[in-house]
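# A closer look at the structure
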Amino acid sequence: KRENIIIQQPRTTMITRKGLMLRSITMTILVSILVWSVTLETCIARRGRHLRRHHHHSSSSSLSDSLSTKKPKSHESNSHSHKSKPKPKPKPKMKSPPPKPDVGSPVVSQPPQVQQPPPSPLPLQPVEDSQAFNVLDFGAKGDGMSDDTQAFEAAWASACKVEASTMIVPAEYIFLVGPISFSGPYCQANIVFQLDGMIVAPTDTDSWGRGLMWWIEFTKLKGITIQGKGVIDGRGTVWWQQDYLSDYPIDDDFKLIVPLNNSVQEHPPMPIRSELNGRMPSIKPTALRFYGSIDVTVTGITIQNSPQCHLKFDNCVQVLVHDVSVSSPGDSPNTDGIHLQNTKDVMIHTSTLACGDDCISIQTGCSNVYVHNVNCGPGHGISIGSLGKDSTKACVSNITVRDVVMHNTMTGVRIKTWQGGIGSVKGILFSNIQLTEVQLPIVIDQFYCDHSKCMNHTSAVSVEGVTYEKIRGTYTVKPVHFACSDSYPCIDVQLSGIELKPVQLQYHMSDPFCWKTFGELISTTVPPIDCLQIGKPARNGVHSDHDICL
C-alpha cells in the first residue's frame, strides 16, 4: 500500500503542474488578444479620422492602393505605419462613402491613362479661357518701343489651332510690330482678332528690307474677324515725305483742275517733320491686307496714316466692313481708304473714310459690291478703277453705291480706265449722293493715265449700264465729265435727279463735258447736261469672244 501511494503521488503532482501550465498559457493568450484588440481599435480610430479628414483629396487614392497591396502583411507589425492599415476594410463596409474608393481603387491608380483623353469634351467650363490668347501672355511689352512682333506671332500660332478662338490686343497699350503675316490655310475657322490697343509700324529702314507690299496681312483664312476700338497706325509720314522728293504716280484727273492763276501745283505742300534715318524702300506697304480669305469682317477699328493703302481685300469672298474709321491727311499720296481687288460679295457701310486718294477703290475682278451710309472726305471720292492698265483685261459688275456723303473731295463718283485695256464695267448704280464743294462730282474717264505720257490705243474697257440718280450738292470745278473711247463709247448711261450747283473758289469752272457718251436723261438736270447723246451709237465696238467678261 505504501508503495502504491508513493507511486501515485508523482502522477498527481505532474497533473497539477500541467494544469497550471495550461492556465498560464490560456491567460497569456487572453492577455495577448486583449492587447491586440485594443491596439487595433486605436489604429482604426486614428485611421478613420485620417480618412474623414482627407476623404475628398487625392491621398485617399494612394491610401486605398496601400490597403490593397499590403493586406498580406497586416499582422506582421504592431506599429501604426501603412503596413497596419489594411485591416480597416471591415469598417468601411458599415459606411456608404468609403466603399467607393475601395471598389474603385484598382482604377484610381490609372486615371492619368484612362481619363486623359476626355480633356477635349471636359473643357466646357474653361472654354472661354482656353480660347483667349492675350499677346501680353506671350511676352509683348506694349510700351511702344520694344519690338512685339514675336509675341504677336506666338499668340497667333496658339489661336490658330483653336476654332472660334480670340487673339487679344488689350487696350491702353501701344505695340510696336514689324511686318507680320497671320496666315492659314491650316488655321481653324472663325478666329477673332480683338484689337482694343494700338499697333504702330516701325519707321526705320532695316525693318522693311528692300520693300514690302503689306505691313499686317491675314491670308487664306475662313471666318476671320477684326474687331474692337483699337488703332492701327502706319506712321506714314516717313514714306510720304520721300514721295515728294521723287516722281510718284499722281491722279490723272488733276489735269482737269486748273487754278485761277493758271498754274498747276504739281506737289501740294506737306507739313511733315523729317524722321528719316535713311531712304525708305520705294515699295510702300498697305497697312492692313486680307488675301485669299472667305467670310471676312472688319468692324470698329481705326486705321490711320498708312504709307499707302489703308485697308485692302484681294481674292476674298464675303466681306463685311462697318463702323470703321480711316484717317490720313488729304494730301498724303496714294493712301486709298478701302481697296477691293478680285473680291466678290462685299458690303461696306456706316464708316468714315478720310485719306489722300480714293475713299473706296474698286478694281478688276470685283462683283456684287454694296456700299452705303459712308462719309468720304477728304480724298478722291469713290472710284471704279483704274482698269485695263498695260493692256490687261478688267471685269467689274453689279456695283451699288448709295446714301453717301462727300465733302472736299477731288471727285465724287468716278469710273476710270486706261486706253488699250479689254473687258467691261457694267451694272453700276450711284444713288443718293450728297456733295459739298466737290471738284468733279460725276466722272467717266476712259483716257486715264498717271504717267507724264501715255500712248493712244483703240482698244478699251467698255462701260455700259451706269445709272446716276439723286446726285446733289455743290461743285467747284466741273459738274460732269464724260470722256469715253472712240472705239468703245459709253452706252446706257442714265441720269435722274441731278442737282449740282457751283461754288466759286480758286479754280476755273467749266460746263458739263461729254464725249462719245450715249444714254438717257430720265429727268431734268441742274445744270443741263445737253452733251449726253440720247439712244445708242450707230456702230459700237464689239470685243472678241476671249475679251468679253462672263
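Residues numbered from 1 in each chain as written. Predicted model: local features only at pLDDT ≥ 70, side-chain atom pairs only at ≥ 80, totals over all residues. Heavy atoms only, no water.

## A short note on the overall build of the protein chain
Our working definition: Counting from the N terminus, the helices are the DSSP runs of H or I reaching at least four residues and the strands are the DSSP runs of E reaching at least two. Each residue is assigned to one of three classes by its accessible area relative to the maximum for its type, calculated with a 1.4 Å probe on protein chains only: buried under 20%, partly exposed between the two thresholds, exposed over 50%. What makes two residues a contact is simply this: any of their non-hydrogen atoms within 4.5 Å. Here the open area of atoms and residues is found with the Shrake-Rupley method and a 1.4 Å probe, where only the protein chains shown may cover a residue.
Counting secondary structure elements, the protein chain contains eight helices and 31 strands. Out of the 550 residues belonging to the protein chain, those deemed buried represent 44%. Put simply, of all contacts in the protein chain between residues at least 6 apart along the chain, 77% involve residues at least 24 apart. Here the protein chain displays about 28300 Å² of accessible surface, and carbon together with sulfur accounts for 54% of that area.

## Some thoughts on the state of the cysteines
Should the sulfur atoms of two cysteines be covalently bonded, the bond is a disulfide. As a reminder of what qualifies: Put simply, a disulfide is two cysteine sulfurs that come within 2.5 Å.
For the coordinates displayed, the defined rule picks out six disulfides. The disulfide partner of Cys359 is Cys376, and the S-S distance across this bridge is 2.1 Å. In this structure the cystine formed by Cys359 and Cys376 twists about its S-S bond by roughly 80°; its chirality is therefore right-handed. Of this pair, Cys359 sits in the loop between strand E18 (344–354) and strand E19 (360–362) while Cys376 sits in strand E20 (residues 366–376), and the two are 17 residues apart along the sequence. Here Cys395 engages in a disulfide with Cys549; their sulfurs sit 1.8 Å apart. For the disulfide bridge between Cys395 and Cys549, the dihedral angle about the S-S bond is near -85°, and by the sign convention the bridge is left-handed. Within this pair, whereas Cys395 is found in strand E22 (residues 393–407), its partner Cys549 is found in the segment after strand E31 (533–534), the two being separated by 154 residues in sequence. Overall, the relative accessible area of 9% leaves Cys549 in the buried class. You can see Cys309 has no disulfide; the closest cysteine sulfur is in Cys355, sitting 8.6 Å from it.

## Overview of the layout of surface pockets
Our working rule: Grid points spaced at 1 Å and placed over the protein atoms alone form the basis of the search, with a cavity being a set where a 1.4 Å probe fits but cannot get out and a pocket an open set showing protein on both sides within 12 Å along at least five of seven lines. Lining residues have an atom within 4 Å of a point. Grid points are joined across faces, edges and corners, and a volume is the space filled by probe spheres set on the points. The classification used treats Ala, Val, Leu, Ile, Met, Phe, Trp, Tyr, Cys and Pro as nonpolar, Asp, Glu, Lys and Arg as charged, and all other residues, Gly among them, as polar. What counts as a domain boundary in this text is fixed by an automatic or database domain assignment.
Here the second largest pocket is characterised by a volume of approximately 930 Å³. At the level of elements, strand E11 (286–291), strand E14 (311–314), strand E17 (338–341), strand E21 (382–387), E22 and strand E23 (411–418) are the ones that each hand at least two residues to the lining of the second largest pocket. Among the elements that make up the lining of the second largest pocket, the one with the highest residue count is E21 (three residues). Along the lines of polarity and charge, the residues of the lining of the second largest pocket split into 11 nonpolar, 13 polar and 13 charged. Split by domain, the lining of the second largest pocket shows at least three residues from each of two domains, domain 1 (134–258 + 281–357) and domain 2 (374–549).

## Structural notes on the pattern of salt bridges
Opposite charge on two side chains permits pairing when their charged atoms draw close. Our working rule: A pairing counts as a salt bridge when a side-chain nitrogen of Lys or Arg comes within 4 Å of a carboxyl oxygen of Asp or Glu.
Applying the stated rule across the entire model yields seven salt bridges. Between Arg402 and Asp403 there is a salt bridge, with its nearest N and O atoms 3.9 Å apart. Ionic pairing is found between Arg472 and Glu499, a salt bridge with its closest N-O pair at 3.9 Å. Taken together, the residues span a long stretch of sequence, with Arg472 in strand E26 (residues 462–475) and Glu499 in strand E28 (residues 490–502) at a distance of 27 residues.

## Notes on the environment of Ala287
Here Ala287 is to be found in strand E11. Not counting residues within four places of it along the chain, the set of residues in contact with Ala287 comprises Trp215, Ile216, Ile303, Ser306, Cys309 and His310.

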